Amino acid sequence: MAKFIALRFLQGLLVLLAIYAITFFLVAATPGSPFSSERAIPPHILAQIEAFYGYDKPVLERFWTSLTNTLSGEFGPSAVYANRSVTDIIAESFPVSLKLGSISLLAALLIGIPTGIVAAVRRNTWLDYVPMSVSMAGICLPTFVMGPLLALVFGLILRLLPVSGWYGPEYIILPAATLSLYYAAYFARLTRGGMLEMLNQDFVRTARAKGVPEWTIVWKHCLKGGLIPAITFLGPALAGIISGSFVVETIFQIPGLGQWFVKAALNRDDFLILGLTVLFAALIVVMNLLADIAHVALNPRLKYE
Amino acid sequence: MALLHVQDLKTYFFMRGGVVRAVDGVSFEVERGQTVGIVGESGSGKSVSCYSILRLIDEPGRIVGGSVMFDGEDLLQATNSRMREIRGGRISMIFQDPMTSLNPFLRISTQMVETLRLHTDLDQRAALHKAIAALEEVGIAEASKRIHSYPHEFSGGMRQRVMIASALLTEPDLLIADEPTTALDVTIQAQVLDLLKQRQERLGTAIILVTHDLGVVAGTCERVNVMYAGRDVESGTADQIFYDPHHAYTQALQKAIPSLQTKGDLLYTVPGMPPDLSKPVQGCAFYPRCPYPKLAPPDGPPPELVVLTEGHCAQDCQYCDRSKPIEDVLTSDVTEAFE
């Protein structure tokens, strides 16, 4: 297992390096620069600015500097926000998204997985039809509809919860609900599918023929296998949700990471684009590795290769 | 009194396209310690009959009639919790495909101990010891180590041994074996059947052996029921069925067994397919495939079972000309196939 993880870790580093290089050269090849604005800057000042950020050097040299800086944990300065480094921005906003994301995902798992299990066990009854119809709606409704809707009902009409800002725990509820509904719906459907597949296996008949009670069959004989589709989705979902959602953060005015992805691109903030891309890629790589480890733990027929 | 008395069992499947009468009035008895074979083609209702005994029929199937008297108790009237006591406790079952019938996610030990914990007072340790002993008895080497393996770490034959050992753990009165050798190599088949026989002698278990292999039946069963289209067409002792088959289907099945004499000849196969059970049977279900010359179009209810000799009964067919022996009717068929 250690060998498997080490190997996958090295693979992940290579993937990250490739992503870093591709992003860097794509950004560098894009016309314009972070410093080209509508207001004409005198050439000598522009030259000074470019020299400050290292833009006067050849691309390959810039790449090398930037890469070594990144490896030592410093993503470089923000090219747009003076006196703030990319690391500062991430350190400030990532914890917010991490908190919101993990709470949302936890809620999604706690709602989605039991719902999916019950729907599979009681298939073709109202315990299946009702949650599955709701979950279809949950998947179809985009967050930019769900978010304002929740804000309207619970914030403005019922006046139970704050609709924007990021202060106390009550500020988490509405954005987390908006985010988790989609994921809960997705987990419910995946779990239902996985469990149905397990419940139709021959070994379930064997268990019944042994006199095993119905719910023991569900949790002891079927749950491990039935959760595999949900676990596969969990890795990328976790990476996606903790890196923040631009839509939800904008609706609820949350100082999370998601907004920076958009701002960085709009502002041509080269270092920030690079830093965020690498961070997101690293999250995906790590989460997929964790999902693979979970797979092996759940399915004894899989071995580490 | 017989250990198991199945009377006029009917299990229908209520599909969107209509009702499939998978089992439509099956009756048979099993005495203590006896081996009863149920033979027939795929789709003749053998397996569904067996699952119905333990009420293991899933929607859209339903047992719609008859009774299953097991040791004086009608299993079709028993409560669900009473059924769970009987399943795996007094009646065990083994299945056709040992590859899929064991849970690939759980260790063999977990699966065997589970049965014992459900049906006996043994604690975890004692149950594990008993399970190991059971594996040793079915010839699994290093059982105390191998019991902690997962099913995929065993070969097909070994898995079926594990299934047999698990099924007999609780020393049930009746073992239902649903095509236990179909998925195995021929050499392994013989071993598994020997093992079943040997365990049966030790424990005095009665066995219902479902199979479409008449060779298997000949070697192991005392009584045989031949099923066709969800009904019994003939039942009798193994000798009666093999040496004096009465029903045209039994005769045709018997002719389809390859023997040393038929070497080099075309193998006889029963022509056609089993009937569509979603349509009601008119008269004799075997009529369209019957090799005998037809006399009259079949109508009315299916023929009654008549007693031919002591312990031997068969459906009495009136729609075909049975005056010539089967050999004569069949030979012409084979020559036709040649031309």
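Further up the page is the structure itself.
The structure presented is a predicted model; accordingly, all values stated were derived computationally and were not measured. Numbers given to residues run from 1 along each chain, matching the order in which its sequence is written. Numbering of ligands from 1 and lettering of chains from A proceed in the order in which they are written. Given that this is a predicted model, residues contribute local features only at a pLDDT of at least 70 and side-chain atom pairs are listed and counted only at 80 or more, while totals for whole chains, interfaces and linings are drawn from all residues. Note that water and hydrogens are dropped before the side-chain values are worked out from all heavy atoms of the structure.

Reports of interface size often rely on the accessible area that becomes lost once the parts have come together. Taken together, the contacts link 25 residues of chain B with 22 residues of chain A. Both faces considered, chain B and chain A share a buried interface measuring about 2200 Å² in area, 59% of it formed by carbon and sulfur atoms. Salt bridges are defined as contacts in which a side-chain nitrogen from Lys or Arg sits within 4 Å of a carboxyl oxygen from Asp or Glu. Where Lys220 of chain A meets Glu114 of chain B, a salt bridge forms, and the shortest distance between an N and an O atom there is 3.3 Å. Whenever two N or O atoms come within 3.5 Å, that pair is a polar contact, provided that in protein one can donate a hydrogen and the other can accept it, and provided that, for residues adjacent in sequence, both atoms are side-chain atoms. Summed over the shared surface of chain B and chain A, the result is 13 residue pairs in polar contact (both at pLDDT 80 or more). Among the elements of the structure, β6 (91-94), α3 (98-101) and α4 (108-119) of chain B are those that each provide at least two residues to the side of chain B that touches chain A. Put simply, DSSP marks the helices as runs of H or I at least four residues long and the strands as runs of E at least two long, and each gets a number from the N terminus on. Counting residues per element, the side of chain B that touches chain A draws most heavily on α4 of chain B, at 6 residues. Under the grouping applied here, Gly and all other residues not named as nonpolar or charged are polar, the nonpolar ones being Ala, Val, Leu, Ile, Met, Phe, Trp, Tyr, Cys and Pro and the charged ones Asp, Glu, Lys and Arg. The class makeup of the residues in the side of chain B that touches chain A is 12 nonpolar, 9 polar and 4 charged. In what follows, residue pairs with any heavy atoms lying within 4.5 Å of each other are defined as contacts. Buried area is calculated as the accessible area (1.4 Å probe) missing from two parts once they are joined, with the contributions of both summed.

The next thing to look at is the nonpolar core. Counting 97 residues, the largest nonpolar core has Leu4, Ile53, Leu135, Leu174 and Ile208 of chain B as the members making the most contacts within it. At 6 residues, the largest contribution of residues to this core is made by helix α7 (residues 156-168) of chain B. Discounting residues that sit within four places of it in the chain, Leu135 of chain B has contacts with Ile108, Met112, Ile140, Ala143, Ile147, Val162 and Ala165 of chain B. Judged by nonpolar contacts, the second largest core, of 64 residues, contains Ala120, Trp166, Leu196 and Phe271 of chain A. The term nonpolar core refers to a set of buried residues drawn from Ala, Val, Leu, Ile, Met, Phe, Trp, Tyr and Cys, joined through side-chain atoms within 4.5 Å. The buried label applies to any residue whose accessible area, calculated with a 1.4 Å probe on protein chains only, is under 20% of its type's maximum; exposed applies above 50%, and partly exposed to all values in between.

A word on helix α12 (residues 258-267) of chain A. Residue and element names in this part refer to chain A. Taken residue by residue, α12 has Gly258, Gln259, Trp260 and Ala264 as its buried positions. Packed against the buried residues of α12 are α4 (86-121), α11 (246-251) and α13 (270-298). Just downstream of α12 lies Arg268, where phi reads positive at about 55°.

On to a nonpolar patch on the surface, then. There is a patch of nonpolar side chains on the surface, built from Leu152, Val153, Phe154, Leu156, Ile157, Leu158 and Leu160 of chain A and spanning about 630 Å² of accessible area. Counting through the fold element by element, Leu160 of chain A comes out in the loop between α6 (143-157) and α7 (170-199). Patches in this entry comprise residues that are over 30% relatively accessible and not in a salt bridge; like charges within 9 Å are linked, as are nonpolar side chains (Val, Leu, Ile, Met, Phe, Trp, Tyr) within 5 Å. Every accessible area reported is derived by Shrake-Rupley at a probe size of 1.4 Å, with residue values counting cover from the shown protein chains alone.

With that settled, consider helix α8 (residues 202-209) of chain A. For an α-helix, the turn length of 3.6 residues means that residues three or four places apart are oriented alike. Counting buried positions over the 8 residues of α8 of chain A gives 6, a clear majority of the element. Every buried residue belonging to α8 of chain A is among Phe203, Val204, Thr206, Ala207, Arg208 and Ala209 of chain A, and all of these are buried. Summarising the contacts, the buried residues of α8 of chain A are in contact with α7 and α9 (214-226) of chain A together with β6, α3 and α7 of chain B.

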